[in-house]
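Survey of secondary and tertiary structure
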Amino acid sequence: MKPTHIEHIGIAVNSIADALPFYEKVLGLKCYNIEEVADQKVKTAFFMIGQTKIELLESTDPEGPVGKFIEKRGEGIHHIAFAVDNLEERLREAEAAGIRLIDTAPRKGAEGLSIAFIHPKSTFGVLTELCEDKNSEHKK
Ligand code: CMX
């Protein structure tokens, strides 16, 4: 797949408002975007570090993926997202290699990216996201 970089690390939190002071005041990062992704039942907050973002995930519905994750495992790292080119092609390669996909086709994620998730059962326990930013610098 040759990911170009880690696009973001998703961290499940009970409350973005409660987590913000650690990221802003202690780490000294700036939250540059807060966005709700309705179909994922989450509210997201983003911080940039180099080429990589931290994405805080607050559930908006206990039955959503982050709500269920926190209920089962508590707060913590929820997923790692790799930036790839030609996401559709990467998904077909993964499928051919017998990898269990959650999303068999790209869909729209936060910040206008095309995204697809790979099941943690195929990735040694780490929920893995692939994302493509068709407007990213390295593709221009
Ligand atoms: N990381 C690692 N393992 C995870 C996990 C996670 N984030 N979420 C669930 N699992 C594990 C569970 O612990 C369980 O393991 P065991 O069978 O050993 O107990 C297994 O995966 C299946 O879990 P489940 O509870 O039976 O299934 P769920 O209904 O919770 O679905 C998953 C799990 C990963 C398929 C679902 O959460 C999903 O589709 N995630 C992708 C979408 C998503 O996470 N969106 C939120 C972020 C969106 C954004 O970034 O914008």
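The notes below deal with the structure included here. Since the structure is predicted, the reported quantities are computational estimates derived from the model, not experimental observations. (Residues numbered from 1 in each chain as written. Predicted model: local features only at pLDDT ≥ 70, side-chain atom pairs only at ≥ 80, totals over all residues. Heavy atoms only, no water.)

What about the pairing of strand S2 (residues 31–37)?
Sheet topology note: the S2/strand S3 (residues 42–49) ladder contains six bridges and is antiparallel. From the neighbouring strand, Asn 33 faces S3, where its bridge partner is Phe 46. (Pairing = 2+ DSSP bridges. Helix = DSSP H or I, 4+ residues; strand = E, 2+ residues; numbered from the N terminus.)

Here we look at the state of the cysteines
Per the counting criterion, the structure on display carries zero disulfides. Summary of cysteine pairing: Cys 31 is not part of a disulfide, and the nearest cysteine sulfur, belonging to Cys 131, is at 18 Å. Residue classification places Cys 31 among the buried positions, given a relative accessible area of 15%. The class of Cys 131 is buried, set by a relative accessible area of 1%. (Disulfide = S-S within 2.5 Å. Buried < 20%, exposed > 50% of the residue type's maximum accessible area, 1.4 Å probe, protein only.)

Notes on unusual backbone geometry
Positive phi, normally seen in glycine, also occurs at Lys 41, with a value near 60°. Relative to the helices and strands, Lys 41 is located in the loop between S2 and S3.

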